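Below are the chains, spelled out letter by letter.
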Amino acid sequence: RGPTIRVPQLKQLLANKISRTGWFKEGKGSLVLLDAAYTLREPANHDEFLRKHYGLQFADRILQEAHSDYLKCCLPGAAHFNLDIASYPGKYERASLYPPALFGQYIMLLNVDKGDSVVEYGRGHSGGMLFAARAWWLLKMYGMRDVAVLEGGHEKWKEEGGETTSGVEQLEGWHDDA
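An unreviewed UniProt entry lists the protein chain under the name Rhodanese domain-containing protein, with Pristionchus entomophagus as the source organism.

Laid out in structure tokens, this is it:
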């Protein structure tokens, strides 16, 4: 299997109720959908970020920094994978990687476990795959094995009649569980 999945394949998995009970490797983990909606902006100041945010308050940041596109419309059950939370501003690079334990804290808040299968999707740039590909890379860097990017992203999903919901509803449910 390649690093991408097509809309009909994902629809079939979701229709067969495979989500949350196992996916590519039957009986292993769950299927998790992650929305990689993102807007490129100037990174935060490295030193200030280290003082105020480094490795802290992931749950608060998830609620406060959800992307407006995710809040308006996302795939049912999808969590928002925020690239600004998943990494931090480096001193000499745009995005530095957290130590695995800290990244693990963030990803667990999105209900992703090591044995899960993950489908990332984005919107806009490069058929919705630009920022989803960055999210895919991050998950692979931290050892996730079954990760795929939805070809065509959110736009292709909607174009092919895929169901959507509000990210606000998702966050309200997440906040109740967290």
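**Student:** How would you summarise the confidence of the model for the protein chain if you had to cite specific residues and measurements?
**Tutor:** It should be kept in mind that the predicted coordinates are not to be read in detail where pLDDT is low. Per-residue confidence for the protein chain gives a mean pLDDT of 85; residues scoring 70 or more make up 87%. Mean pLDDT across the elements of the protein chain ranges from a minimum in helix 10 (residues 167-177), with 65, to a maximum in helix 9 (residues 153-159), with 95. Contacts for the low-pLDDT stretch residues 19-27, under 50 throughout, to residues beyond four places or in other chains number 29 contacts.

**Student:** Lay out helix 8 (residues 130-141) in plain terms, naming residues and giving numbers.
**Tutor:** Helix length check: helix 8, at twelve residues, gives a terminal C-alpha distance of 17 Å against a target of 16 Å (1.5 Å per residue), a fit within 8%. Among all positions in helix 8, only Phe131, Ala132, Ala135, Leu138 and Leu139 are buried. The arc that holds the buried residues of helix 8, viewed along the axis, is 115°, so those residues lie on one side. Downstream of helix 8 by one or two residues, Gly143 has phi in the positive range, about 95°.

**Student:** A description of unusual backbone geometry should follow, citing residues and the corresponding values.
**Tutor:** Here Asn111, not a glycine, exhibits a phi torsion of approximately 65°, which is positive. Position of Asn111 among the secondary structure elements: in the loop between helix 6 (100-109) and strand 6 (117-121).

**Student:** Report on the nonpolar core, specifying residues and quantitative values.
**Tutor:** Taken as a class, soluble globular proteins show a tendency for nonpolar side chains to be buried jointly. One finds Leu10, Leu34, Phe81, Leu110 and Leu139 to be the most contacted residues of the largest nonpolar core, which totals 48 residues. Elements that contribute at least two residues to this core include exactly helix 1 (7-15), strand 2 (31-35), helix 3 (58-64), helix 5 (83-86), helix 6, strand 6, helix 8 and strand 7 (146-150). In terms of residue count, helix 8 provides more of this core than any other element does, five residues in total. Beyond its immediate sequence surroundings of up to four residues, Phe81 is in contact with Leu34, Asp35, Ala36, Ala86, Phe103, Tyr106, Ile107, Leu110, Glu120, Ala135, Leu138 and Leu139.

**Student:** For the sheet that holds strand 3 (residues 79-80), give the residues involved together with the corresponding values.
**Tutor:** Reading across from one edge, 1-7-6-2-3 is the order of the five strands in this open sheet, with parallel pairing throughout. Both edges of this open sheet fall to strand 1 (4-5) and strand 3, since each of them pairs with a single strand only.

**Student:** Requested: an account of the environment of Thr4, with residues and values cited.
**Tutor:** Among the structural elements, Thr4 can be located in strand 1. Relative accessible area serves as the criterion here: at 28%, Thr4 is assigned to the partly exposed category. Setting aside anything within four residues of it in sequence, one finds Thr4 in contact with Met129, Ala148, Val149 and Glu151. At 2.6 Å, the side chain of Thr4 and the side chain of Glu151 are in polar contact.

About the criteria used
Residues numbered from 1 in each chain as written. Predicted model: local features only at pLDDT ≥ 70, side-chain atom pairs only at ≥ 80, totals over all residues. Heavy atoms only, no water. pLDDT = per-residue confidence, 0-100. Helix = DSSP H or I, 4+ residues; strand = E, 2+ residues; numbered from the N terminus. Contact = heavy atoms within 4.5 Å. Expected span 1.5 Å × (residues − 1). Buried < 20%, exposed > 50% of the residue type's maximum accessible area, 1.4 Å probe, protein only. Arc of directions from axis to C-beta. Core = buried A, V, L, I, M, F, W, Y, C linked by side-chain atoms within 4.5 Å. Pairing = 2+ DSSP bridges. Polar contact = N/O pair within 3.5 Å; in protein donor to acceptor, adjacent residues only side chain to side chain.

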